[in-house]
Each structure stands twice: as C-alpha cells, then as structure tokens.
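In case you want the letters, here they are:
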Amino acid sequence: MDRSRFRDDVVAARLRLRERFLARMRATPGIADTKPLGSGPPNAHGMPKLPVGQTPTAPGKWPVLDLGGRPDVTRATWRLTVDGRVKTPLVLDFDDLLALEQVDDVSDFHCVTSWSRLDVPWRGVRLATVIALAEPEDDAHYVVCHGYDGYDTNLPLSEALKL
C-alpha cells in the first residue's frame, strides 16, 4: 500500500466531512452563543475551560472510570467497529488503528458525573479520521459508542467533529 497516497486520501475525506458539517458545528450551543457559559480562560474553541456545574480535579488525579468490572480485552482481540448509517462500514484491529495518523493534543476532559481534568495531554487517532473513513450517510446525525463493559453513550456528529 502506498502510505503517502493513503494519508492524502484520509486527509481529503476528513476535509470533505468537515465541510459537510461545518454549518451545523457553528450553530451548536456554545459556539453560537454570544456569551458562552462557564468559567476560566478560553479553550482551543474559544469556550470557557470549565463548563457550568463541573469541578476541576486535583492536578495529576484521575477518578476511577469504570463500572466496577473490567472486561478481558487484549490487544489481539480488541476491535473498533464502525457501522450503522455509513457508506463504508469498517472493523479496525489495534494494528489497523495504529497505522492511521497519530496526533498529539492537549485538551480538557469533562465527565458527566461533574468532574473535569484540565490540560490533559493525549496521543492517538482523530475521531474525525475514523468517521471520514466510514463516510456517514447524509441522514446520520449521531455517534453511538458501545464499550466492551456494556456502557453506551452518544453524541451529535456536529460535536464529535469539532475535535
């Protein structure tokens, strides 16, 4: 496989996807608000770093992020399945995921249980890259995530693509 050509194709797909969702992304609460809610200095999107109702954790502290049980998933058995309202369903194993462009980022992590950890360094594949490879149908509006431990959550595509 020509890695350079593949990378160019992925970047082009990501840009096409962004263009499709740009108007929706700009119209979402927060970015479209004349006075965004929250406190603290602005984040990378110009929003206050700490949303209303969130409490920052102590530096270096991560609360426990599991439902009490840990599934037995190895690197050899791990899979990322992208299906549903997409033109190109895909299944990536761990090596497939690592073969995609890796990026570094520093961003804030806000948990639904009301704690936040600010300025977290991350390294990995952009969600937008995986979504672009799957090519969402025009009527797709949400990403639904299913964990190996049975946990499910969802978010609008317009929010997922802001990253």
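Above: the structure in question.
This is a predicted model, so every value here is computed, not measured.

Cut-offs and rules
Residues numbered from 1 in each chain as written. Predicted model: local features only at pLDDT ≥ 70, side-chain atom pairs only at ≥ 80, totals over all residues. Heavy atoms only, no water. Helix = DSSP H or I, 4+ residues; strand = E, 2+ residues; numbered from the N terminus. Buried < 20%, exposed > 50% of the residue type's maximum accessible area, 1.4 Å probe, protein only. Contact = heavy atoms within 4.5 Å. Areas by Shrake-Rupley, 256 points an atom, 1.4 Å probe, with all protein chains shown as cover. Lys, Arg positive; Asp, Glu negative; His and termini not counted. Charge placed at Lys NZ, Arg CZ, Asp CG, Glu CD. Disulfide = S-S within 2.5 Å. Pairing = 2+ DSSP bridges. Core = buried A, V, L, I, M, F, W, Y, C linked by side-chain atoms within 4.5 Å. Salt bridge = Lys/Arg side-chain N within 4 Å of Asp/Glu carboxyl O.

Moving on to the overall build of the protein chain. When helices and strands are counted, the protein chain shows four helices and nine strands. The N-to-C order of helical and strand elements in the protein chain reads α-β-β-β-β-β-α-β-β-α-β-β-α. Projected onto its principal axes, the C-alpha positions of the protein chain cover 45 × 40 × 30 Å. Scored against the burial criterion, the 163 residues of the protein chain give a buried share of 28%. Residue pairs at least 24 apart in sequence account for 53% of intrachain contacts in the protein chain once pairs closer than 6 positions are excluded. In the form shown here, the protein chain has an accessible surface area of approximately 11,100 Å², with 56% of it arising from carbon and sulfur atoms. Side-chain charges in the protein chain split into 21 positive and 23 negative, and the spacing between the mean points of these groups amounts to 5 Å.

Using the criterion set out here, one finds zero disulfides in the structure. Looking at C145, it has no disulfide partner, and the nearest cysteine sulfur is the one in C111, 14 Å off. Given the relative accessible area of 34%, C145 is considered partly exposed.

This part is about the sheet that holds strand β6 (residues 103-110). The pairing of strands in a sheet comes from backbone hydrogen bonds and takes either a parallel or an antiparallel form. Sheet architecture is open: three strands sit in the order β3-β7-β6, paired in mixed fashion. Sheet topology places β3 (55-56) and β6 at the edges, where each strand pairs with a single neighbour. Pairing of β6 with strand β7 (residues 115-124), which is carried by seven bridges, proceeds in the antiparallel orientation. Along β7, the bridge assignment pairs S107 with V120.

Here we come to the nonpolar core. A13, L17, F21, A128, I131, A132, A140, V143, L157, A160 and L161 together form the largest nonpolar core, which totals 11 residues. Contributing elements (two or more residues each) for this core: α1 (3-27), α3 (127-134) and α4 (157-160). In this view, A128 contacts R14, L17 and L161; residues no more than four positions away in its chain are not counted. One finds W78, V82, V86 and A134 within the second-largest nonpolar core, a separate group that totals nine residues.

Applying the stated criterion to the full structure yields six salt bridges. Of the charged contacts in the structure, one is a salt bridge between D108 and K49, with a shortest N-O distance of 3.1 Å. Of this pair, D108 sits in strand β6 while K49 sits in strand β2 (residues 48-50), and the two are 59 residues apart along the sequence. By relative accessible area, D108 is classed as buried at 16%.

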